[in-house]
Amino acid sequence: MRKRLPFILTLSIVLITVASLSVSAKMDRKKRDELYRQVELFSDALAIIQSEYVDEAKPKELIYGALKGMLSSLDPYSQFMDQETYNELKVETEGAFGGIGIEIAIKDELLTVITPIEDTPAWRAGIKAKDIIVKINNELTRGMSIADAVKKMRGKPGTQVTLTILRQSEKKILEFKIVRDIIKIKDIKEARILDDGIGYIRLVEFRENSGRDVDNAIANLSKQGMKALILDLRNNPGGLLESAVKVAELFVEKEKLIVYTRGRKPNQNMDFVSRITKPATAVPIAVLVNDGSASGSEIVAACLQDYGRAIIVGTKSFGKGSVQSVFPLGDGSALRLTTSKFFTPSGKVINEKGVVPDVVVEEEKNKYRNPEVSRDEDINAIFEEIENKEKPSKEEETFNYQQDNQIMAAMNILK
């Protein structure tokens, strides 16, 4: 007879939870019976593993492993977070954490870079959006969860992590040795007048105060005689949905639909409408996007594109159009679950499709910002040499927009 006693309490809790969910969702009898059969199958598997597996398996490890597999089977963005991972997520939202500075996702079952965060070790090393991470410290990533990958890449500042990258666009395997650092995220990187009254705002992430910060930047640029604006959302991986809405509503008329979400439950269906009484509707706008622009960036760009409020310039965006909600669990772990998808005002789907620019302008390669190094070369030595040659002095200008062909293209369009 199989030994199931250690799992009786766990199974009872599962069945009670399933029953309550069934009642609340008003599932029909057939669906309830099917769910109960699958739960019984799960308990049978646990019992067999405990009694027959060659080594003693701890119940917590088995349950955690099952939860990780279950969540990862849903979509690239849903995940089970143990206590440590959940705590890291909470630290990350505060805007400072130790790591290399990249946003990642599972795409086509491969660990893929959404975008490197500007002015972080990964950015300076030359990691690009859509790079596939093949190995982390010589460990293959096939089958590795996002949570496990993040754990391996984060660490004490000053320590090194080695990433083996497949860059499909160039059919190359590259190896990067990156020194971890404290990652501090500042939402607005640049805000200035470039030339001929054209303002420029570079927004690198949507955080809690991004709407207010962009509003203040617009006010300051207006005082300097701004006649048109370039909103740079390249390599902006997104962030808070509400903050993306607050940025978009700065540029459209009041009571206009910014974005709407649709899920399985009525409380997941939300319409986000502009509330600003005096938006900057008279200022011509060009929005820059690329394949590192995701989520909140795509919400803003698609909204302004739908209303004809801005010309979108650059290359097609990443295509992340889903909303994740975090559900804490009793032991300090949590579920990060995709609960809805968002749609543009005209009803377009962004998920896996991206935002297609009105004017496609490819980015010119910068051999210093994105060095292409083979696995046999000493990357640290090369970067040190590059920094010594190219790093500007404190008195020199660090932002030269005239060398950025996409910014120049946007300026020409606005002119």
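Worth saying up front: this structure is predicted, and the values here are computed from it rather than measured. (Residues numbered from 1 in each chain as written. Predicted model: local features only at pLDDT ≥ 70, side-chain atom pairs only at ≥ 80, totals over all residues. Heavy atoms only, no water.)

(A) Looking closely at the packing of helix H7 (residues 210-223) against helix H8 (residues 241-248). Running from N to C, H7 and H8 cross one another at 25°; their axes reach a closest spacing of 8 Å. Considering the angle they form, H7 stands roughly parallel to H8. H8 is crossed by H7, and the crossing has right-handed handedness. Residue-level inspection shows Ser 210, Gly 211 and Val 214 of H7 in contact with H8, the latter providing Ser 243, Lys 246 and Val 247. Of the residues belonging to the contact of H7 with H8, the class tally is 2 nonpolar, 3 polar and 1 charged. (Axes fitted to C-alpha atoms, helices over the stretch in contact; angles between N-to-C directions. Helix = DSSP H or I, 4+ residues; strand = E, 2+ residues; numbered from the N terminus. Parallel < 35°, antiparallel > 145°, perpendicular 65-115°, else oblique. Left-handed = near helix turned anticlockwise from the far one by under 90°. Contact = heavy atoms within 4.5 Å. Nonpolar A, V, L, I, M, F, W, Y, C, P; charged D, E, K, R; others polar.)

(B) Main features of the packing of helix H2 (residues 29-52) against helix H3 (residues 59-72). Contact geometry for H2 and H3: axes closest at 11 Å, N-to-C directions at 135°. Considering their axes alone, H2 and H3 lie oblique with respect to each other. Relative to H3, H2 is oriented so that their crossing is right-handed. The residues of H3 that touch H2, namely those facing Phe 42, Leu 46 and Ile 49, are Leu 62, Ile 63 and Ala 66. Within the contact of H2 with H3, the residues separate by chemical class into 6 nonpolar, no polar and no charged.

(C) Region of interest: the pattern of salt bridges. Under the definition given, this model contains 19 salt bridges. A salt bridge links Arg 192 to Glu 190, with the nearest nitrogen and oxygen atoms 3.0 Å apart. Owing to a relative accessible area of 13%, Glu 190 belongs among the buried residues under this scheme. With a closest N to O distance of 3.1 Å, Lys 415 and Asp 196 form a salt bridge. In this pair, Lys 415 is assigned in the segment after helix H11 (405-414) and Asp 196 in the loop between strand E10 (188-195) and strand E11 (198-203), connecting sequence segments 219 residues apart. For Lys 415, a relative accessible area of 55% translates into the label exposed. (Salt bridge = Lys/Arg side-chain N within 4 Å of Asp/Glu carboxyl O. Buried < 20%, exposed > 50% of the residue type's maximum accessible area, 1.4 Å probe, protein only.)

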